[in-house]
Amino acid sequence: MTATRRVFIFLLLVSTSAIAWAQKKPLDHSVYDGWETIDSAAISDDGRFIYYLVSPQAGDGRLVVTDPDNRQHGRIDRGTHARFSADGKYLIARIKPRYAETREAKIKKKKADEMPKDSLAIFTLETAALHKIPFVTSYKIPEEPSEYIAYLTEEPAAPKDTATADTTAPKKLNHKKNQPTLHIRHLTSGADTTIDRVGSYEFSTSGNAIVYVRKAEEKDSLGTDAGVYYYDLATRQSRHISRGKGTYKNLAFDDASSQLAFTADKSPEKSLQKAFDLYYYTPGQDSAIIIASRTTNGVPDGWYISGDGAIRFSKNGEKLFFGIAPIPRVKDTTLVEFEHAKVDIWHWKDDYLQSQQLANLKREQNRSYLAVTYPKQGRKVVPLADEQLPDTRLTEDADNTYVLATTDIGRRIETQWQAGSFQDVYLVSTIDGSRRKIASDIRGRISISPQGKYVVWFNRTDGNWYSFATDGNQAIQLNTDLPVSFANEDNDVPDEPGDYGFAGWSDDDGEIFIYDKYDIWAFHPDGSKRRLVTNGAGRSSQVTFRYRDAVESRRSRYGRRSNAGIIDTKKRILLSAFNHITKEHGWFHTSADKNRDPREMVMGPYSYRTIKRAADANTYIYTKENYVSAPDLYVSANFTNETKLSSINPQQQQYNWGTAELVKWTTPHGHDAEGILYKPEDFNPGKKYPVIAYFYEELSDGLYSYIPPTPTPSRLNISFFVSNGYVVFAPDIHYEIGHPGRSAEEYVNSGMEELKKHPWIDSTRMGIQGQSWGGYQVAHLITRTDMYAAAWAGAPVVNMTSAYGGIRWQSGMNRQFQYERTQSRIGATLWEKPELYIENSPLFHLPNVTTPVVIMHNDQDGAVPWYQGIEMFTALRRLQKPVWLLNYNGDAHNLVQRQNRKDIQRRQLEFFDHFLKGKPAAPWIEHGVPATLKGIDWGFGD
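The paragraphs below set out a description of the structure included in this document.

Roughly 1,300 Å³ of internal volume is contained in the largest pocket. Surrounding the largest pocket, 41 residues form its lining, Leu-361, Glu-364, Gln-365, Asn-366 and Arg-367 being those nearest its centre. Of all the secondary structure elements, the ones that give two or more residues to the lining of the largest pocket are β25 (320-326), α3 (354-359) and α4 (361-365). When the residues that make up the lining of the largest pocket are grouped by side-chain class, the tally is 14 nonpolar, 14 polar and 13 charged.

With the rule as written, the count across this model stands at 55 salt bridges. Glu-661 is paired through a salt bridge with Lys-679; the nearest N and O atoms lie 3.2 Å apart. With Glu-661 in strand β49 (residues 658-666) and Lys-679 in strand β50 (residues 672-680), the pair connects residues that are 18 residues apart, well separated along the chain. One network of salt bridges, in which partners are shared, links Asp-196, Arg-197, Arg-214, Glu-217 and Asp-225.

Okay, the sheet that holds strand β46 (residues 620-625) next. Spatial ordering of the open sheet is given by β45-β46-β47-β48, a layout of 4 strands whose pairing is antiparallel. One side of each edge strand has no neighbouring strand; the edge strands of this open sheet are β45 (607-613) and β48 (642-644). With strand direction ignored, the average angle separating the axes of adjacent strands in the sheet is 30 degrees. In terms of strand pairing, β45 meets β46 through 5 bridges, oriented antiparallel.

Glancing now at the packing of helix α8 (residues 740-756) against helix α9 (residues 773-781). Axis separation between α8 and α9 bottoms out at 9 Å; the angle between their running directions is 80 degrees. The angle between α8 and α9 falls in the class roughly perpendicular. Listed contacts from α9 to Pro-740, Gly-741, Arg-742, Ala-744, Glu-745, Val-748 and Asn-749 of α8 are Trp-773, Tyr-776, Gln-777, His-780 and Leu-781. Residue classes in the contact of α8 with α9 are distributed as 6 nonpolar, 4 polar and 2 charged.

In this structure, Tyr-678, Ile-718, Phe-721, Trp-792, Phe-911, Phe-912 and Trp-924 are the most contacted members of the largest nonpolar core, which totals 55 residues. In contact with Trp-924, not counting residues within four places along its chain, are Trp-792, Val-854, Trp-884, Leu-886, Arg-907, Glu-910, Phe-911, Val-929, Trp-938, Gly-939 and Phe-940. In terms of nonpolar packing, the next biggest core, distinct from the first, is built from 51 residues, Ala-673, Tyr-735, Met-787 and Tyr-837 among them.

The sheet built from 8 strands is open, its strands ordered β49-β50-β52-β51-β53-β54-β57-β58 with mixed pairing. With one partner strand each, in any of the chains shown, β49 and β58 (883-886) form the two edges of the open sheet. Across the sheet, the axes of successive neighbouring strands diverge by a mean angle of 20 degrees, strand direction being ignored. Two strands pair when backbone bridges link them, and strand β51 (residues 689-694) and strand β53 (residues 761-771) are joined in this way by 5 bridges, in the parallel orientation. If you follow Val-691 over to β53, its bridge partner there is Met-766. Docked against the sheet, α8 engages β49, β50, β51, β52 (727-731) and β53, running at close to 150 degrees with respect to β53. Contacting β51, β53, β54 (790-794), β57 (853-856) and β58, helix α14 (residues 898-917) crosses the sheet at an angle of about 155 degrees to β54.

Turning to the environment of Gly-686, a few remarks are in order. Its place among the elements puts Gly-686 in the loop between β50 and β51. Classification of Gly-686 as exposed rests on a relative accessible area of 69%. Gly-686 sits 181 residues away from Tyr-867 along the chain, and the two C-alpha atoms are 45 Å apart.

Even without glycine at this site, Asn-250 takes up a positive phi of about 60 degrees. Its location among the elements puts Asn-250 in strand β19 (residues 247-253). Accessibility expressed as a relative area gives 24% for Asn-250, which makes it partly exposed. Positioned with a positive phi, Ala-795 is a non-glycine residue whose angle comes to about 45 degrees. Mapped onto the secondary structure, Ala-795 falls in the loop between β54 and α10 (800-803).

What counts, and at which threshold
- Residues numbered from 1 in each chain as written.
- Predicted model: local features only at pLDDT ≥ 70, side-chain atom pairs only at ≥ 80, totals over all residues.
- Heavy atoms only, no water.
- 1 Å grid on protein atoms, 1.4 Å probe; cavity = no way out; pocket = protein on both sides within 12 Å on 5 of 7 lines; lining within 4 Å.
- Points joined across faces, edges and corners; volume = space filled by probe spheres on them.
- Helix = DSSP H or I, 4+ residues; strand = E, 2+ residues; numbered from the N terminus.
- Nonpolar A, V, L, I, M, F, W, Y, C, P; charged D, E, K, R; others polar.
- Salt bridge = Lys/Arg side-chain N within 4 Å of Asp/Glu carboxyl O.
- Pairing = 2+ DSSP bridges.
- Axes fitted to C-alpha atoms, helices over the stretch in contact; angles between N-to-C directions.
- Parallel < 35°, antiparallel > 145°, perpendicular 65-115°, else oblique.
- Contact = heavy atoms within 4.5 Å.
- Core = buried A, V, L, I, M, F, W, Y, C linked by side-chain atoms within 4.5 Å.
- Buried < 20%, exposed > 50% of the residue type's maximum accessible area, 1.4 Å probe, protein only.

Given below as structure tokens:
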């Protein structure tokens with residue numbers, strides 16, 4: 001082929017590509033609802049079957065059943081909450097009503113019992129037979145293989161006989177509350193046993209029995225057939241094991257399915273003081289018996305059995321853990337409410353601010369404290385916690401002698417200005433309740449080993465890991481004389497750095513596997529030995545290795561505690577890998593009992609999520625994505641030879657998408673900097689593009705993340721703006737303590753200056769957008785430079801002097817800790833360094849602003865007081881600067897309501913299109929929308 005011909009073909013290909021790009025349309029506001037995600041996925045234990053759920057942003061999803069060869073075995077439209085049966089023969093799922101049907105019911109403002117109901121899907125995997133059951137509200141299947149499923153149905157209320165001559169008139173529903181019916185179905189034969197008026201129900205672990213609570217007939221004042229029943233699946237017989245009206249809660253079997261416990265309150269319905277008792281039952285008994293009540297020996301005076309405390313047996317069945325609590329004071333109902341004040345009294349000695357107390361009121365009213373009894377050995381009650389030692393942690397099996405307990409009593413007030421409280425650490429005997437303090441003033445991660453032989457903690461004060469043998473008397477530092485830090489090496493807040501966490505334990509408590517920034521270490525908790533499992537390969541290549549247990553344990557799958565945290569050192573383990581230089585992700589494997597470089601399975605320009613491995617087969621399923629490729633589901637044995645199972649969002653090919661690339665530069669003070677540059681798919685270096693910088697702390701690690709065109713909660717939807725002809729820049733920001741605003745200038749402004757060097761950037765049309773902490777930095781930057789033609793600040797703090805004493809209303813916490821210790825990074829009180837609060841408060845520098853800016857701040861913001869947005873708006877208005885304030889009524893810090901997300905997405909595009917592309921201003925930009933037209937005219941452009 002001649003050189004001339006090669007040039008001709010090259011130009012033809014370039015021309016053809018350009019035409020193809022030109023034919024692709026930009027994303028518009030109509031695309032959101034149909035854009036899909038893989039919501040959940042699972043693989044059967046034997047690896048033969050896979051299901052995944054495809055969900056649009058709004059509309060009807062689909063549950064697909066396939067296999068590793070991508071042979072589709074079935075599809076359940078609108079399927080959700082799916083689960084394989086323990087024997088691997090069935091897939092059970094709920095089927096949601098049609099989206100349009102539910103929407104119509106909401107439009108008609110139907111009551112809850114009139115709303116469309118779910119159905120149940122029973123899918124037989126071998127035959128692909130699908131059986132549907134209507135009006136299902138819940139279902140449960142046993143943890144161990146069983147031929148049964150249980151579910152509740154609640155049929156719509158029957159039409160009321162209107163006795164009208166007009167037979168064409170719609171019948172009125174009888175609004176009498178529907179009574180749920182329990183179904184116990186044999187999966188193979190389809191035989192169905194039904195029991196009406198059932199509330200809660202539970203399978204035994206082995207699946208040989210079901211316990212359920214039955215309510216009384218409406219007119220039966222005695223509650224003759226109400227109470228708890230034990231149903232034997234082998235004999236198909238029910239036994240009434242606890243009789244009478246009441247509140248029955250916390251049904252719990254032991255692991256051997258030979259014991260049952262629950263709490264019950266059988267006091268009169270109108271009683272102001274509830275009195276729960278702890279009941280116990282074995283299949284050999286006629287009925288359940290009370291083994292603990294408020295008068296039982298061991299229950300403290302003035303305390304009772306809590307109906308809100310979780311119940312669980314130890315694995316060996318010898319111990320039964322439950323909750324006790326102080327008997328609460330009862331409100332005097334003889335008081336006339338309107339004659340008495342409603343007042344909150346804030347006291348400076350309170351452990352928590354009144355706002356926190358109110359935010360957590362229900363949780364505190366339901367708080368219980370751990371206790372244990374021995375159902376087979378005397379049934380003594382041993383309190384393990386109380387108001388002075390409230391927090392306890394059991395091991396997975398709970399068979400061991402000690403419970404880990406912690407307390408921050410006396411140091412809670414400090415959390416107003418300090419992130420996290422200091423804890424004292426105790427071991428509490430489950431035999432006699434005796435307590436032994438093993439550590440004081442620990443702020444950091446605290447954990448007990450799976451076998452209960454050791455307590456380990458990371459102390460943020462000195463950045464070290466410690467171990468304490470439960471049969472010993474001295475703490476041992478594990479990481480002595482090591483050349484690496486186990487505290488966050490990149491910490492840039494004015495607080496002691498946290499740890500990197502740990503992977504888990506060997507199955508005999510012989511080793512704990514702890515992370516540094518890059519590698520995995522194994523420490524003998526007695527301090528005798530330590531080793532570098534990944535052999536330093538992570539640090540030498542700047543790759544972070546992390547252990548991944550991809551097998552979903554059966555316990556966690558069925559809603560019980562999992563055995564997560566135990567690493568089988570006799571088998572090859574899977575490691576995720578992240579390269580800090582290239583931002584690539586991948587998978588490696590190694591042997592946990594040896595020290596050697598992990599072996600690469602795959603490494604590349606993708607992000608991997610939702611990874612699961614079949615319990616009994618070497619088959620993985622996972623989603624893989626990057627900026628261009630949607631997170632589809634794949635299956636593989638080694639991550640290299642893979643099969644793509646799904647193909648979501650094929651419509652993306654119709655739209656001008658984009659590319660993502662890592663960019664690096666040097667800041668004015670000589671710091672290495674990096675960020676992500678997003679360009680349109682049809683990028684033409686001969687054109688000039690407007691650019692928007694979007695930032696929040698550090699974003700470059702997300703280089704290979706997919707960004708769907710989703711209505712924004714108030715951030716910048718990058719893919720949407722890139723598709724519409726913008727270049728978007730996401731720079732990382734590293735902080736200098738005391739000068740967060742100046743740090744944003746250092747990185748954001750210098751990055752934008754670097755972009756100006758490219759002839760395809762229009763330096764006269766540069767914008768910035770940020771939300772929350774990013775919104776603060778937007779507000780700061782426009783007071784320091786006039787380089788930006790438009791700015792958008794979501795929920796910004798503009799006055800650190802007033803925000804310092806403000807409240808985060810969702811949690812009730814004061815904001816002082818943010819400025820002294822965490823994200824706001826001042827590192828001092830307002831009175832120690834007032835000059836820093838003023839330097840970093842945009843409010844005091846707003847006269848310098850020349851950039852048009854939109855503020856979004858909502859009246860139900862639970863993180864940043866919305867008066868901060870008002871302060872910014874009224875100040876700029878007083879200064880006669882172009883400013884707009886959006887308050888989405890009743891919405892949160894980040895928008896939750898979808899209609900509001902769609903609204904702000906449209907306004908963001910109209911705003912930036914006007915100021916960065918020169919398009920005509922929409923009416924809301926030009927004139928606003930007066931209150932008289934609220935809900936009538938939204939002020940959008942064409």
